[in-house]
Amino acid sequence: MPKINVTSEYRKGQINLGEVWKAGYPSEKETAYTPFIDNGDFEIYSRKLELICFEARQILSKMGTTQMLQSGDVIVGIYTAAGDLSCAVVGTHLHVVCAQIIIKYIISKYQDEPSVGIKDGDLFFVNEALLGGVHNPDILMIMPIFHDGELIAWTAVAVHEGDTGSIDPGGMTPRARTRYDEGLHISPIKVGENFRLKKDIVDFLENSVRNPRQMTIDLKARATSCMRVRKRILEEVVETKGNHFFIGLLRKNIDVAAEAARNKIASLNDGTYRTVIFLDIGIPKSLLKITVTVYKKGDEITFDFNGTSPENREGPWNTFAHGIIAGSAVYLFQYFLFNLPNCSGSMVPFKYVIPEGTLINASEDAAVSVGIITVGHVVFYGIHHAMSKMLFSSPYRELACAGWVIPAPPWLYGGLDQWGFPTAGLCADQLNATGLGGRPDMDGPDAAGFNFCPSGIFPDAEFQELQLPFLYLFRNRYMSDNHGFGKYRGGSGVMFAVSPHNVDSLFFASAQGGQKIPCNSGLFGGYATITPPGIQITASNLRTLLANSDEGIPYDVHELLGEKRIEGHYTLESLMRLFRQINSGDLFLMPSPGGASYGDVLERDPELVMADLRKNITTPWVAQNVYKVVYDPVTLRVDREATDRARRAERENRRKRGKPYHEFVKEWSQRKPPEEILTLYGSWPNP
Amino acid sequence: MKVRITEYLDINLQTKKWCCNRCGYEIFDAGENYKKGCLIYERDPREVHNTVLPESEFNFAPDPDWCRLIEIYCPGCGTMVEVEYLPPGHPLTEDIVIDLEQLLKKYEKYEEYKKHEKRGGRMV
């Protein structure tokens, strides 16, 4: 394992600065104490640490006000004295990995700096993307844990905050061109000392954002969670078992996970597995390409991202390399390493090749606020997809599934709320209700969650309407055909329509690509999910319809668009939507798409297709034209023999219409997309 | 002996060929891209992904000028073993390259284990 080398280069946040995101060498104390942790104590106390994190996560979610926080899109982690992740409850897997970078930065910069130092009761605040914040709405609070004067651990909590004082509300503006458009960039500062928040720093933060009350309440929620973790560790572990036991326990968690991860990898077939994904970005209209190649040899895996489009300055679609590495944990901790602790040991066998100057290893002043949710999202899908192709032929076949849906689009709002106070933020609805991919043995779960945070909840509609100046016209019906079709279909998602309520107007935006080409092809012959557009209806008669309790009010997007029951000006466009004013009674629609699918559509059990028809998850057009099921449209009874005949005929048609590979490639390779959609792509076909 | 590599593809360790898991058709050399032995069909993605508002530029289905649906079939039985969504002319992806030597060694050991197991012994 390479020795951690924290240098001034660290500031750039580039991965050539040392592998600070994975476990470093054990300290002398760790080496001395770890062998004395017996297996019984290890089981009991490592579980206790998880439960401590779990309680702190609940405290954080209940105390805070940001939508992402209330929905559980948070992390709480416990780190060794050197900053290596030992235990975490997620939440959002990205941040547990990234917090290591920040802790190691604090140690290297401030431990011996007389004007700062690291003391018991300190609370550090940070949102600098270059130092591990991924993008600046993600705000972390980090606290050292001392006992008997010795620094024995750290705890970190993180959650996406509603505003950063960027050029548009919400901190994730598609208008950003450099980091200087994105608002606050706070390198680690002490927002608290002696177990109290510092009034001058809190005032500074309040003064820097559009939603000052939310910033302060959420700061207090973070501080409370950190202090709760500290208190319980000291009272329930350290004071009874001693510093030496706790230090050894944290390290043993890491060492056990590293060994287990290597053993799991060694059981897989050696080889190369690759995913190529395209993302269309609406501003300007251009294709981007992301290539994920997974090399597996022995007990190590290398993720290589050569073949990815170059960094661009047309928008905030870039990310930093450490965000991509941390993002690989989104997949690894959820799937392949699901039964190991969420800790830095689990990541020891993984290497990363992330070319400089690409979208995913951007330069220091690049805009990145939307990158992790657009390009990063695609990268994480690519890792998932390639790993699934490896895992099918392994003892972990049940994990070989199509990935979470892309795109899950962020929906941003800003303005004055129903009480006249400024408000801004990112809603969790559309993120936390996407469908999961189809599996080798079952359909993907419907409205399953968000790949960054599978445990996040779809927030309660009434609670949302109580807090925010919104009225949901519809939100609780699955949108038919918005998932991938296959032997096992992707989980269905929803689509919802919202209107400003109890205010004259609000400002809305969304930030995602994927309207021209699907980002998530299915697995092993399954089809991709839909390419959902952004929709809005202005100058509408909705308020009149509501006042009259009109029976024609639509309750899903098919009723809305197919029958145009609401009068008004309909706009369908890219989901990369700049902020615009939406008046009360007008509608802004957001998709929460379904997952991609698994396997050949002709192998889907016809009775499952009928079940989907009954639930309106699939339309008759798809049942007949894609699944080739023959059935009685009134009773939905399947004609088995006719279905078998139709499917045999389709297989025969495939054999007739398909071309031999070389014949196909000869013609296909002569073609090329229009130049105007390749402006950000890089050189064709391999950037 | 055949080793199952994907839902629809096996590798025959004796012949060192990719085979269809459904019909047994020998597709191509296992050391090469299996797609070279498959049938390939390009289609307008809207034939599968229906549009909600066909007249709109953005209509829930991929744009055929940006994206083509590439279906990859077993020549023996017509099973769709893989799909790709590619911009026109973009090379097909070589998505799985198995280290055949390691695979053969791995299953040689497995075969030894099975023989030994039949004799009632235990491998250490």
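All values reported here derive from a predicted model rather than from experimental measurement.

### Description of the overall build of chain A
The secondary structure content of chain A amounts to 16 helices and 21 strands. At 25 Å, chain A has a C-alpha radius of gyration in line with the 26 Å of a compact globule built from 687 residues. With respect to the principal axes defined by its C-alpha atoms, chain A has extents near 75 × 60 × 50 Å. Going through the 687 residues of chain A one by one, you find that 66% of them count as buried. Sequence-distant contacts, at least 24 apart, represent 74% of the contacts inside chain A between residues at least 6 apart.

### Observations concerning the interface of chain A and chain B
Contacts between chain A and chain B engage 75 residues on the former and 66 residues on the latter. Of the roughly 6200 Å² buried where chain A meets chain B, counting both sides, 60% is carbon and sulfur surface. Per-residue buried area on chain A facing chain B is highest for Lys516, Tyr661 and Trp668 of chain A; these three make up 13% of the total on that side. Seen at the junction of chain A and chain B, the total is 10 salt bridges. In this structure, the salt-bridge partner of lysine 389 of chain A is aspartate 95 of chain B, at a minimum N-O distance of 2.6 Å.

### Concerning the domain arrangement of chain A
Residue and element names in this part refer to chain A. Along its sequence, chain A is carved into domain 1 (49-238), domain 2 (404-602) and domain 3 (605-677). Across the boundary between the two partners, domain 1 contributes 26 residues, which contact 32 residues of domain 2. Between domain 1 and domain 2 lies a buried interface of about 2100 Å² when both sides are counted; carbon and sulfur atoms form 63% of it. On the domain 1 side of the interface with domain 2, the three residues burying the most area are Gln67, Ser71 and Pro174, jointly 27% of the side's total. Counting every contact that joins domain 1 to domain 2 gives 0 salt bridges. Joining domain 1 to domain 2, the criterion identifies 10 residue pairs in polar contact (both at pLDDT 80 or more). Elements with a contribution of two residues or more to the side of domain 1 that touches domain 2: helix H3 (67-70), helix H4 (93-110) and helix H6 (212-241). Among the residues forming the side of domain 1 that touches domain 2, the class breakdown is 6 nonpolar, 13 polar and 7 charged.

### Digging into unusual backbone geometry
All names here are of chain A. In this model, isoleucine 283 is joined to proline 284 through a cis peptide bond whose omega is -15°. Tracing the chain through its elements places proline 284 in the loop between strand S8 (271-281) and strand S9 (286-297). Backbone torsion omega between tryptophan 684 and proline 685 reads -5°, so that peptide bond is classified as cis. Inspection of the secondary structure puts proline 685 in the segment after helix H16 (661-668).

### Here we look at the sheet that holds strand S13 (residues 422-427) of chain A
All names here are of chain A. The 4 strands are arranged S13-S12-S16-S19 in an open sheet whose pairing can be described as antiparallel. Every other strand in the sheet has two partners, leaving S13 and strand S19 (577-583) as the edge strands with one partner each. For this sheet, the mean inter-axis angle between neighbouring strands, taken without regard to orientation, is 20°. Direction of pairing for strand S16 (residues 505-510) relative to S19: antiparallel, over a ladder of 5 bridges. The residue of S19 that forms the bridge with phenylalanine 508 is arginine 580.

### Topic: the environment of glycine 165 of chain A
All names here are of chain A. Checked against the element boundaries, glycine 165 lands in the loop between strand S5 (150-160) and strand S6 (189-193). Given the relative accessible area of 31%, glycine 165 is considered partly exposed. Taking the C-alpha atoms as reference, glycine 165 lies 34 Å from glutamate 676; in sequence the two are 511 residues apart. Excluding its chain neighbours within four sequence positions, the residues that come into contact with glycine 165 are Gly183, Ser208, Val209 and Arg210.

### Topic: the packing of helix H2 (residues 39-63) of chain A against helix H7 (residues 243-266) of chain A
Residue and element names in this part refer to chain A. The geometry of H2 relative to H7 is characterised by a closest axis approach of 10 Å and an angle of 90° between their N-to-C directions. The angle between H2 and H7 places the two elements in the roughly perpendicular class. Contacts between H2 and H7 pair Asn39, Asp41, Phe42, Tyr45, Ser46 and Leu49 from the former with Phe245, Phe246, Leu249, Leu250, Lys252, Asn253 and Val256 from the latter. The residue makeup of the contact of H2 with H7, split by class, is 8 nonpolar, 3 polar and 2 charged.

### A closer look at the pattern of salt bridges
All names here are of chain A. Tallying each qualifying case throughout the model produces 66 salt bridges over all chains. Put simply, lysine 29 and glutamate 150 hold a salt bridge, and the shortest N to O gap is 2.5 Å. Note that lysine 29 is positioned in helix H1 (residues 28-33) and glutamate 150 in strand S5, a separation of 121 residues in sequence. When salt bridges with common partners are traced through the structure, they connect Glu30, Asp84, Lys104, Arg251 and Asp255 into a single cluster.

### Looking at the packing of aromatic side chains
All names here are of chain A. This model, assessed by the stated rule, comprises 22 aromatic pairs over all chains. Taking 5.5 Å as the distance between ring centres and 80° as the angle between the ring planes, the aromatic pair formed by phenylalanine 392 and phenylalanine 524 counts as edge-to-face. In this pair, phenylalanine 392 sits in the loop between helix H9 (375-391) and strand S12 (411-416) while phenylalanine 524 sits in the loop between S16 and strand S17 (534-538), placing the two residues 132 residues apart along the sequence. Comparing phenylalanine 392 with phenylalanine 524 shows no difference in burial state: the two are buried. Following the ring pairs from residue to residue traces out a cluster consisting of Trp411, Tyr413, Phe470, Tyr472, Phe496, Phe508 and Phe588. The ring of phenylalanine 42 carries the charged tip of lysine 252 above its face, separated from the ring centre by 5.3 Å.

About the criteria used
- Residues numbered from 1 in each chain as written.
- Chains lettered and ligands numbered in written order.
- Predicted model: local features only at pLDDT ≥ 70, side-chain atom pairs only at ≥ 80, totals over all residues.
- Heavy atoms only, no water.
- Helix = DSSP H or I, 4+ residues; strand = E, 2+ residues; numbered from the N terminus.
- Rg over C-alpha atoms; globule rule 2.2 N^0.38 Å.
- Buried < 20%, exposed > 50% of the residue type's maximum accessible area, 1.4 Å probe, protein only.
- Contact = heavy atoms within 4.5 Å.
- Buried area = accessible area lost by both parts, 1.4 Å probe.
- Salt bridge = Lys/Arg side-chain N within 4 Å of Asp/Glu carboxyl O.
- Domains from an automatic or database assignment.
- Polar contact = N/O pair within 3.5 Å; in protein donor to acceptor, adjacent residues only side chain to side chain.
- Nonpolar A, V, L, I, M, F, W, Y, C, P; charged D, E, K, R; others polar.
- Pairing = 2+ DSSP bridges.
- Axes fitted to C-alpha atoms, helices over the stretch in contact; angles between N-to-C directions.
- Parallel < 35°, antiparallel > 145°, perpendicular 65-115°, else oblique.
- Phe/Tyr/Trp six-rings, centres within 6.5 Å; stacked < 30°, edge-to-face > 60°.
- Lys NZ or Arg CZ within 6 Å of the ring centre and 35° of its normal.

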